[in-house]
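# Structure at a glance
Letter by letter, the chains look like this.
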Amino acid sequence: MRVSRHNCAAHFSYKRKRGIMLITDFVRQIGDHTLENVPVPVDFTTADWSEKASATADLMFTALNECGGVGIAANQVTAIENPSQMCIIGIKGEKNRKNAQLRYPNESIPYPTLMLNPKILSLSYETYFPQAETCLSVFGNVRARVKRHRSVELEYYDINGH
């Protein structure tokens, strides 16, 4: 879960000051091999795991908020050099939540949950196709209907390792 020294939040700020920020400044796009690899689990046995997980989470929240997504995985964020198994589902900030609700009017938009080492325990048999959605890692106005399970049971750790 090494956070790159040259691609950090300060890098985002520097680019923002120089001009227009693009989604590709924050989020890896399809074709990037990092997206194809399974990230390593967060190693809770190392002394600095909490510091690294917090720094990674900060970068993930920055990318998610700047790009207007409703979820993101650590391996999508350009500033995270060696991503771990971390993801955020949901949005913080009322303005971001209202914008998401406009894009997905028939869906509930959760408040953010940061998950470390998430594992799917079970999936409902029932599936559905919500309205067309986008992916931060697919540049442009590409929308698709994605088959989703009605419910998913997960196991994960929070930022405190619980």
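Described below are features of the structure shown in this document. Worth saying up front: this structure is predicted, and the values here are computed from it rather than measured. (Residues numbered from 1 in each chain as written. Predicted model: local features only at pLDDT ≥ 70, side-chain atom pairs only at ≥ 80, totals over all residues. Heavy atoms only, no water.)

Another aspect to go through is the overall build of the protein chain. The helix and strand inventory of the protein chain stands at 4 helices and 6 strands. Seen in sequence order, the protein chain has helices and strands lined up from the N terminus as α-α-α-β-β-α-β-β-β-β. Within the protein chain, the fraction of its 162 residues that count as buried is 31%. A separation of at least 24 residues holds for 66% of the contacts in the protein chain among residues at least 6 apart in sequence. Roughly 10000 Å² of accessible area belongs to the protein chain as shown, and the carbon and sulfur atoms make up 54% of that amount. (Helix = DSSP H or I, 4+ residues; strand = E, 2+ residues; numbered from the N terminus. Buried < 20%, exposed > 50% of the residue type's maximum accessible area, 1.4 Å probe, protein only. Contact = heavy atoms within 4.5 Å. Areas by Shrake-Rupley, 256 points an atom, 1.4 Å probe, with all protein chains shown as cover.)

All right, on to the pairing of strand E2 (residues 86-89) then. Each regular strand shows side chains that alternate between the opposite faces of the sheet. Taken together, the 3 bridges between strand E1 (residues 71-73) and E2 define a ladder with antiparallel strand orientation. Looking across to E2, one finds that Ile 72 is bridged to Ile 88. Pairing of E2 with strand E3 (residues 113-123) involves 4 bridges; the strand directions are antiparallel. Bridge pairing in E3 places Met 86 opposite Leu 116. (Pairing = 2+ DSSP bridges.)

Applying the stated rule across the entire model yields 4 salt bridges. Where Asp 32 meets Arg 28, a salt bridge forms, and the shortest distance between an N and an O atom there is 3.6 Å. Given the relative accessible area of 8%, Arg 28 is considered buried. Between Arg 150 and Glu 126 there is a salt bridge, with the nearest N and O atoms lying 3.4 Å from each other. Here Arg 150, found in the loop between strand E5 (148-149) and strand E6 (152-157), pairs with Glu 126, found in the loop between E3 and strand E4 (127-128); they are 24 residues apart in sequence, far enough to count as distant. Residue Glu 126 is classed as partly exposed on the basis of its relative accessible area of 47%. (Salt bridge = Lys/Arg side-chain N within 4 Å of Asp/Glu carboxyl O.)

The 4 strands are arranged E1-E2-E3-E6 in an open sheet whose pairing can be described as antiparallel. Of all the strands in the sheet, the pair left with one neighbour each is E1 and E6. Between one strand axis and the next, the sheet turns through 45° on average, direction left out of account. Here E3 runs beside E6; their pairing, made up of 5 bridges, is antiparallel. By the bridge assignment for E6, Ser 122 is matched with Glu 153. Strands E1, E2 and E3 of the sheet are contacted by helix H3 (residues 49-67), whose axis makes an angle of about 40° with E2. (Axes fitted to C-alpha atoms, helices over the stretch in contact; angles between N-to-C directions.)

In this model, the largest pocket occupies a volume close to 1500 Å³. Val 70, Gly 71, Ile 89, Glu 133 and Arg 148 are, among the 47 residues lining the largest pocket, the residues nearest its centre. Contributions of two or more residues to the lining of the largest pocket are made by E1, E2, E3, E5 and E6. Taken together, the residues that form the lining of the largest pocket break down as 28 nonpolar, 13 polar and 6 charged. (1 Å grid on protein atoms, 1.4 Å probe; cavity = no way out; pocket = protein on both sides within 12 Å on 5 of 7 lines; lining within 4 Å. Points joined across faces, edges and corners; volume = space filled by probe spheres on them. Nonpolar A, V, L, I, M, F, W, Y, C, P; charged D, E, K, R; others polar.)

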